[in-house]
Amino acid sequence: MQALAFNFFAKEGETIHIVTGGTRELVHSQCFQWTKNTLHAVTALKLIPYTELANIPCNYCYGSGIRSEKAQEILNSHTCLCLPSYFDSPSINSLIQCLQTLTWQKQDISPIYLKECDAIQNLPHIAKLQGRDPIQSRQELNRLLGS
């Protein structure tokens, strides 16, 4: 998220809201501000429903999570400026800035969430559409995956 935030240099005190795609009805959300030429996270990285986008105070918003129709409908009534999609991927300069401000640690990072992919979650439905037994399909998948 920080790499994306480095893509845009807002005025001091203005809030940049970065939103990236999550899963189903959720997006990753984090806000940043520039203070004395240094970028700071002003909120923790959160996984939130689309509907909460309307409640996050910010001046600018961008990221892959705002490109859906649902997100656009919610943000149309927001006072922030939604920036174009070319801000949605970190630039080389943004990545270099991240490296310069990076804090290294020895322990593994903790993921925000872990879940099965949508295809596995939808396996019972897919099996029924193909005339297969959902339980047997799951057992066969587990056998093939060695789990």
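Nothing here was measured: the structure is a model prediction, and the numbers come from that model. (Residues numbered from 1 in each chain as written. Predicted model: local features only at pLDDT ≥ 70, side-chain atom pairs only at ≥ 80, totals over all residues. Heavy atoms only, no water.)

Asks: Would you mind showing me how to read the environment of Gln97 here?
Replies: By secondary structure assignment, the location of Gln97 is in helix H3 (residues 92–101). With a relative accessible area of 27%, Gln97 lands in the partly exposed category. Once the C-alpha coordinates of Gln97 and His28 are considered, the two residues, 69 residues apart in sequence, prove to be 22 Å apart. Not counting chain neighbours up to four residues away, the residues in contact with Gln97 comprise Phe6 and Trp34. (Helix = DSSP H or I, 4+ residues; strand = E, 2+ residues; numbered from the N terminus. Buried < 20%, exposed > 50% of the residue type's maximum accessible area, 1.4 Å probe, protein only. Contact = heavy atoms within 4.5 Å.)

Asks: For this particular structure, what's the right way to read the confidence of the model for the protein chain?
Replies: Caution is warranted with low-pLDDT regions, since their predicted coordinates should not be read in detail. In the predicted model, the protein chain carries a mean pLDDT of 88, and 94% of its residues have values of at least 70. Put simply, helix H4 (residues 118–121) is where the protein chain has its lowest mean pLDDT, 78, and strand E5 (residues 60–62) is where it has its highest, 96. (pLDDT = per-residue confidence, 0-100.)

Asks: What's the story with the packing of aromatic side chains in this structure? I'm lost.
Replies: Here a ring pair, both rings aromatic, is described through the centre-centre distance and the interplanar angle of the planes. Using the criterion set out here, one finds six aromatic pairs in the structure. Pairing Phe8 with Tyr60 gives two aromatic rings, centres 4.6 Å apart and planes at 55°, and the pair type is tilted. Of the two residues, Phe8 is situated in the loop between helix H1 (2–5) and strand E1 (15–21) and Tyr60 in strand E5; the sequence distance between them amounts to 52 residues. Tyr60 matches Phe8 in its accessibility class, with the two residues each being buried. (Phe/Tyr/Trp six-rings, centres within 6.5 Å; stacked < 30°, edge-to-face > 60°.)

Asks: Before we go on, may I ask you to explain the pattern of salt bridges in this structure?
Replies: Pairs can form between side chains of opposite charge whenever their charged atoms are close. Per the stated rule, a full pass over the model turns up three salt bridges. In this structure, the salt-bridge partner of Glu140 is Arg143, at a minimum N-O distance of 2.6 Å. Separated by three residues within a single helix, Glu140 and Arg143 lie in helix H6 (residues 134–145), roughly one turn from each other. (Salt bridge = Lys/Arg side-chain N within 4 Å of Asp/Glu carboxyl O.)

Asks: Help me understand the nonpolar core in this model?
Replies: Across soluble globular proteins, you tend to see nonpolar side chains buried next to one another. Core analysis: the largest hydrophobic core is formed by 16 residues, its most contacted members being Phe8, Ile16, Ile18 and Tyr62. Looking at this core, the elements with two or more residues in it are H1, E1, strand E2 (26–35) and E5. Take this core: its biggest share by element is three residues, from H1. Excluding anything up to four places from it in sequence, Ile18 contacts Met1, Leu4, Ala5, His28, Ser29, Gln30, Phe32 and Tyr62. Membership of the second largest hydrophobic core comes to 14 residues, among which are Tyr50, Ile56, Ala71 and Cys80. (Core = buried A, V, L, I, M, F, W, Y, C linked by side-chain atoms within 4.5 Å.)

Asks: It is not clear to me how the state of the cysteines should be interpreted in this structure. Could you clarify?
Replies: Linking two cysteines covalently through their sulfur atoms gives a disulfide. Taken as a whole and judged by the stated rule, the model has zero disulfides. The thiol sulfur of Cys61 is not disulfide-bonded, and the nearest other cysteine sulfur, from Cys80, lies at 4.8 Å. Owing to a relative accessible area of 0%, Cys61 belongs among the buried residues under this scheme. Cys98 carries a free sulfur, and the closest cysteine sulfur to it, the one in Cys31, is 17 Å from it. Residue class for Cys98 comes out buried when judged on its relative accessible area of 15%. (Disulfide = S-S within 2.5 Å.)

Asks: Looking at this model, I keep getting lost on the side chain of His17. Mind explaining?
Replies: If you trace the backbone, His17 turns up in strand E1. Within the structure, His17 has its side chain in polar contact with the side chain of Ser29 (distance 2.6 Å). Beyond its immediate chain neighbours, meaning those up to four positions away, His17 contacts Ser29, Gln30, Cys31, Leu53, Ile56, Cys58, Tyr60, Cys61 and Tyr62. (Polar contact = N/O pair within 3.5 Å; in protein donor to acceptor, adjacent residues only side chain to side chain.)

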